[in-house]
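Commentary on secondary and tertiary structure
Chain by chain, the residues run as shown.
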Amino acid sequence: MGRTVSRGALRKMLKNEKPGFRLSACADLLVYLNFLMFLRRLAEEARTNAFQNRSRIIKPEHIVFAAKAILKKSRG
């Protein structure tokens, strides 16, 4: 597995984004888990889109289409 962001760096990013929020001890882990789940869903949607377009390679347009579909599903 590739290199990951340290917990301290992730907590610092969260504090910079929302300075008034109080974070629990494991908030950074939950954010990281949510990020990983999003990436997995994005990859699955892009793979499905590529398959429907009869493409063996996932191209940038498949990822953009998948991101728009995920955003549309989350809003609706």
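Scroll up to find the structure this text is about.
Below is a short write-up of the structure. Since this is a predicted model, take the numbers as computed values, not measurements.

Some points on the overall build of the chain
- Along the backbone of the chain there are 3 helices and 0 strands.
- Listing the helices and strands of the chain from first to last along the sequence gives α-α-α.
- Taken against the 2.2 N^0.38 rule, which gives 11 Å for 76 residues, the C-alpha radius of gyration of the chain at 16 Å runs more than 25% over that of a compact globule.
- Taken over the C-alpha atoms alone, the chain extends approximately 45 × 35 × 15 Å along its principal axes.
- The buried share of the chain, reckoned over its 76 residues, is 16%.
- Sequence separation of at least 24 residues holds for 26% of the intrachain contacts in the chain that already meet a minimum separation of 6.
- For the chain, the exposed area adds up to about 6800 Å²; of that, 60% sits on carbon and sulfur atoms.
- For the chain, the distance from the average position of its 17 positive side-chain charges to the average position of its 5 negative side-chain charges is 1 Å.

Each value, and the rule that gives it
Residues numbered from 1 in each chain as written. Predicted model: local features only at pLDDT ≥ 70, side-chain atom pairs only at ≥ 80, totals over all residues. Heavy atoms only, no water. Helix = DSSP H or I, 4+ residues; strand = E, 2+ residues; numbered from the N terminus. Rg over C-alpha atoms; globule rule 2.2 N^0.38 Å. Buried < 20%, exposed > 50% of the residue type's maximum accessible area, 1.4 Å probe, protein only. Contact = heavy atoms within 4.5 Å. Areas by Shrake-Rupley, 256 points an atom, 1.4 Å probe, with all protein chains shown as cover. Lys, Arg positive; Asp, Glu negative; His and termini not counted. Charge placed at Lys NZ, Arg CZ, Asp CG, Glu CD.

These values are about where atoms sit, not about what they do.
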